[in-house]
Amino acid sequence: STMKVHRSSKELQDTIEGYKQLVDQQKKEIWELKKVVFENEQNKNLLSGYKKVIEDLQTRLNKK
């Protein structure tokens with residue numbers, strides 16, 4: 001007996017549509033993650049800037 005492999009054209013189009021939506025969703029999620037990574041980098045730069053200012057102040061205070 002032969003297995004029925006052929007799907008209807010409608011079924012295939014629905015499946016493709018489902019995959020397209022999945023890909024779109026993943027693109028959005030990747031973009032959101034990139035945004036988080038970028039903001040995280042900005043915060044790290046800000047933090048190291050503050051750290052430098054604090055270290056400079058400490059150095060000046062210790063000299064007095």
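Attention in this report is confined to the structure presented alongside it. Sequence positions are assigned chain by chain, starting from 1 and proceeding in written order. Given that this is a predicted model, residues contribute local features only at a pLDDT of at least 70 and side-chain atom pairs are listed and counted only at 80 or more, while totals for whole chains, interfaces and linings are drawn from all residues. In computing side-chain values, all of the structure's heavy atoms are included and hydrogens and water are not.

**Digging into the environment of Gly18**
Phase 1 of the analysis: A run of H or I in DSSP counts as a helix once it spans at least four residues, and a run of E counts as a strand once it spans at least two, with each numbered from the N terminus. Looking at where Gly18 falls in the secondary structure, it is placed in helix α1 (residues 9–63).
Phase 2 of the analysis: Throughout this description, buried means an accessible area under 20% of the type-specific maximum (1.4 Å probe, protein chains only), exposed means over 50%, and partly exposed covers the range between. Judged by its relative accessible area of 36%, Gly18 falls in the partly exposed class.
Phase 3 of the analysis: Measuring from C-alpha to C-alpha, the distance between Gly18 and Glu39 comes to 32 Å, with 21 residues separating the pair along the chain.

**Points about the pattern of salt bridges**
Phase 1 of the analysis: When a carboxyl oxygen of Asp or Glu is within 4 Å of a side-chain nitrogen of Lys or Arg, the pair counts as a salt bridge. Inspection of every chain in the model, using the stated rule, returns four salt bridges.
Phase 2 of the analysis: Here Glu41 ties to Lys44 by a salt bridge, and the two come within 3.2 Å at their closest N and O atoms. Placement of the pair is Glu41 and Lys44 together in helix α1, with a separation of three residues, close to one helical turn.
Phase 3 of the analysis: The class of Glu41 is partly exposed, set by a relative accessible area of 38%.

These values are about where atoms sit, not about what they do.
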